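Residue-level listing of the chains:
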Amino acid sequence: MTLSHRAQDFLGSLSFFGRKQLPLLLQGATAECGLTCLAMVASFHGRPIDIAELRRSFPISTRGLTLRSMIAMASRMGFSSRPLKVPMSKLAELVMPCVLHWDMKHFVVLKSVRGDTLVVHDPAAGRRKISFDEASRHFTGIALEVSPLPTEILPSKRVPIGFTDVVGTVRGAAPAIALLLGVGLVAQLLSLTGPIMIQWVVDEAVSTTNSDLLITIGIGFSLLVALHAAIFCARSWVSTNSTMQLMMQWLSNTFAHLVRLPTSYFETRNPADIVARFESISAVRRILSQQFTDAALDGVFAVVILATMFLYSPALAAISLAGVALCIAIKAAFLRRLRELGAEQLLAESQQRSYLIETARGIQSVKLFGREAQRHIAWENKLVDMVNAETRAARLLTLQQTLIFLSSGIERVIVVVLAGMAVVDRKFTAGMLVAYISYREQLFQRVLLAIERAFDYKLLSVHFERIADVVHEVREPRDEIAAEARPRSELPPTIHLENISVRAGFDEPWILKGLSLQIDRGESIVLTGPSGSGKSTLVKVLVGLSTPQEGAMRVDGKTLKSYGVEAYRREVASVLQEDHLFAGSILDNISFFDLDPDMEEIERCARAAAIHDDICRMPMGYFTFAGTVGSGLSGGQKQRILIARALYHGPSILILDEATSQLDQASERRIMENIRSMNITRVTVAHRQETISLADRVVRIEHGEIVSDTRSVETTEIEYEQSL
């Protein structure tokens, strides 16, 4: 008899030893589908590679990967690859698993073809079964077969991520755990006395009709119950307090690490995805708060209870042990698929949330183009995907629990019948029967709870990997000497770019190639050139947000690392195209939430940025709300507040990337004249001739290279120092 495709697919999703499995991995960033597909195929061939390690080895921009890039990446990973143009009818002939090009912008892994159904692992949606008709609407006809070479080039490295790998250092954790274990140990010992009390009541008091003994036993065990209740209260209080402290420190440590990550991390991730990483910490807290220390003690005391049961009856204890083993086997069989469904759930929830946030941010455009209904339908589809993922997980969990309930129920019936027969044969007393059944119930309760927590911990690996996406990322290097401890130089530093080359990601075209530029103290430079020529990328290098893949940036003759990135940023202020205001007052934004703001300096900077008069005309003046939305500020007003914020920083180098693009010419000229009077180095990206005419040098960039560098006013370093 042949199993149906659905049955084969279900059995294939369960975990069995010795079976070669294709793992389901989900992408952590928007453009990581190709990278994740290669990681899945590599794991199938026995070479599990950590995705974080792949990110470091093959940096990817938001543009994603081309097929050519994937072939080059696979080769460096130790795999040969063969691109093919394949009609739908020939998909079953491919060497699987293989990578399919999907929707002209995506990659998935083809796991198997069964009849007219494809099973694919989609790094953006999870495990999917789709018909040939549906697949034909997505598959572009391009496939990539990947097979391992005899020698590994990139070493296999996929270490399971555990709790200690993502939580970091938490003060006071060890004493709290020790206290919980101690209190829990006493509670577990007290719980073992219950079956003995029942046996004494039945065999000693009831059978002999000794009411005095019955009252004495009742009083003694009432005191034990009161002690047990007090211990339960103390344990719950300690557990709640310890969990809250742990989560407080964990969230704080993670946020501190997050803000120290390079900007490239944030450029490749949706804000909603980053929020989801922090929500995973809360999910871990909810599970950990369910008495994990008790579960550990339950596992230990289950052995004690089982030994006690063997003293009562080895045959009955063996049957109970077999029932426990069957429950564990059922749990283990479903673990892998439940973990995959959990990951799909989290991803679907994150995508739905991201779409909601994106719609709210762009609601003006949505209304102007009349796309309300279209956005609603698209969001509803993502909501359906989320609900379907939750439903699939709930169904599988229900099936697992049903099988466990059925197996433990059958075992219970067998034990009760055999124990009853032992009483009839006078091998057991009635009290022993009741005590044994009570111990048996405790055994299953403790073992199932311990297993539940153990498998919950395994399922937490989905959350651990999401959290690790933050805490395992390499932070920006800290200066050897704290920037605050170093005195700021009286003169602006000189900047020298030596043959720098920058590109967005692995195997992508160079944005800047072999560019060299000298910026002297106090010089005013305008960068100009067509859009997409590399001006904004050059600005990010100059402010220390981007590190060139080739060449070096020197500050006062030192490399940026030797000079100190933090110390350099103290000298630099900028207004970039992506800059925005934060939720708070105008005063807060100009001072960047300085704890001790200097009001006179704030007003001076606002005047220099030609925004002071506008602020004074507002009803609340400098205390007017100036957040990202709902502030009522014009685009030009926001730009001028950003310029005032940069000036409040007290920079010796000011870098402006089209910071006056929304201003009228008169306001722009006024601001530029004010800045020109300051003894600072100025680098401006501009297209207007009025702004260009105010510069000492005009540097034109095309295709990532400097094509002209003209000096309009000769200002030497000596003249600048004398002018101070």
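Whatever comes next refers back to the structure up there.
Because the structure is a prediction, the values reported are computed rather than measured.

Colleague: It is not clear to me how the nonpolar core should be interpreted in this structure. Could you clarify?
Modeller: The tendency in soluble globular proteins is for nonpolar side chains to be buried side by side. Ile586, Ile590, Tyr622, Ile643 and Leu654 are the most contacted members of the largest nonpolar core, which has 35 residues in total. Mapped onto this core, the elements with two or more residues apiece are strand S12 (572-575), helix H21 (586-590), helix H22 (599-608), helix H24 (635-648), strand S13 (653-657) and helix H25 (665-676). When residues in this core are grouped by element, the largest group, seven residues, is from H24. Ala333, Val415, Met432 and Leu443 belong to the second largest nonpolar core, which has 31 residues in total.

Colleague: Can you walk me through the packing of aromatic side chains in this structure?
Modeller: Enumeration according to the criterion identifies four aromatic pairs in this entry. For the pair Phe255 and Phe278, a centre-to-centre distance of 6.4 Å together with 65 degrees between the ring planes defines the contact as edge-to-face. Of this pair, Phe255 sits in helix H9 (residues 211-258) while Phe278 sits in helix H11 (residues 271-288); the two residues are 23 residues apart in sequence, bridging distant segments of the chain. Here the aromatic rings of Tyr265 and Phe266 are separated by 5.4 Å at their centres, their planes lie at 85 degrees, and the arrangement is edge-to-face. Residue Tyr265 is classed as buried on the basis of its relative accessible area, which comes to 2%. Positioned over the ring face of Phe79 is Arg47, at 5.3 Å from the centre of the ring. The ring of Trp510 is capped by Arg503, whose NZ or CZ atom sits 4.4 Å from the centre of that ring.

Colleague: Can you walk me through a nonpolar patch on the surface in this structure?
Modeller: On the surface, Leu406, Ile410, Val413, Ile414, Val417, Leu418 and Met421 cluster together into a nonpolar patch covering about 610 Å² of accessible area. Looking at the element boundaries, Ile414 is found in helix H15 (residues 372-424).

Colleague: Would you mind going over the pattern of salt bridges with me for this structure?
Modeller: Where side chains of opposite charge bring their charged atoms close, a pairing between them can arise. A full pass over the atoms with the stated rule returns 32 salt bridges. With a shortest N-O distance of 3.7 Å, Lys90 and Glu93 are connected by a salt bridge. By relative accessible area, which is 59% here, Glu93 ends up exposed. Here the residues in one salt-bridge network are Arg336, Arg337, Glu340, Glu344 and Arg392, joined through shared partners.

Colleague: I keep staring at the sheet that holds strand S14 (residues 681-685) and nothing clicks. Help me out?
Modeller: Hydrogen bonds between backbone groups are what pair the strands of a sheet, and the pairing can be parallel or antiparallel. A sheet is described by the order of its strands in space; here six strands give the open sequence S12-S13-S14-S9-S15-S16, paired in mixed fashion. Because the sheet does not close on itself, it has two edges, and the strands there are S12 and strand S16 (705-711). Averaged over neighbouring strand pairs, the angle between their axes works out to 15 degrees when direction is ignored.

Colleague: Would you mind showing me how to read H24 here?
Modeller: Note on helix geometry: an α-helix contains 3.6 residues per turn, so any two residues three or four positions apart are oriented the same way. The end-to-end C-alpha distance of H24, which contains 14 residues, comes to 20 Å, matching closely the 20 Å that a straight helix rising 1.5 Å per residue would cover. Every buried residue of H24 is accounted for by Gly636, Gln637, Gln639, Arg640, Ile641, Leu642, Ile643, Ala644, Arg645, Ala646, Leu647 and Tyr648. Against S12, H21, H22, helix H23 (612-616), S13 and H25 lie the buried residues of H24. Immediately beyond the C-terminal end of H24, within one or two residues, lies Gly650, with a positive phi of roughly 70 degrees.

What counts, and where the lines are drawn
Residues numbered from 1 in each chain as written. Predicted model: local features only at pLDDT ≥ 70, side-chain atom pairs only at ≥ 80, totals over all residues. Heavy atoms only, no water. Core = buried A, V, L, I, M, F, W, Y, C linked by side-chain atoms within 4.5 Å. Buried < 20%, exposed > 50% of the residue type's maximum accessible area, 1.4 Å probe, protein only. Helix = DSSP H or I, 4+ residues; strand = E, 2+ residues; numbered from the N terminus. Phe/Tyr/Trp six-rings, centres within 6.5 Å; stacked < 30°, edge-to-face > 60°. Lys NZ or Arg CZ within 6 Å of the ring centre and 35° of its normal. Patch = residues over 30% accessible without salt bridge, like charges linked within 9 Å, V, L, I, M, F, W, Y side chains within 5 Å. Areas by Shrake-Rupley, 256 points an atom, 1.4 Å probe, with all protein chains shown as cover. Salt bridge = Lys/Arg side-chain N within 4 Å of Asp/Glu carboxyl O. Pairing = 2+ DSSP bridges. Axes fitted to C-alpha atoms, helices over the stretch in contact; angles between N-to-C directions. Expected span 1.5 Å × (residues − 1). Contact = heavy atoms within 4.5 Å.

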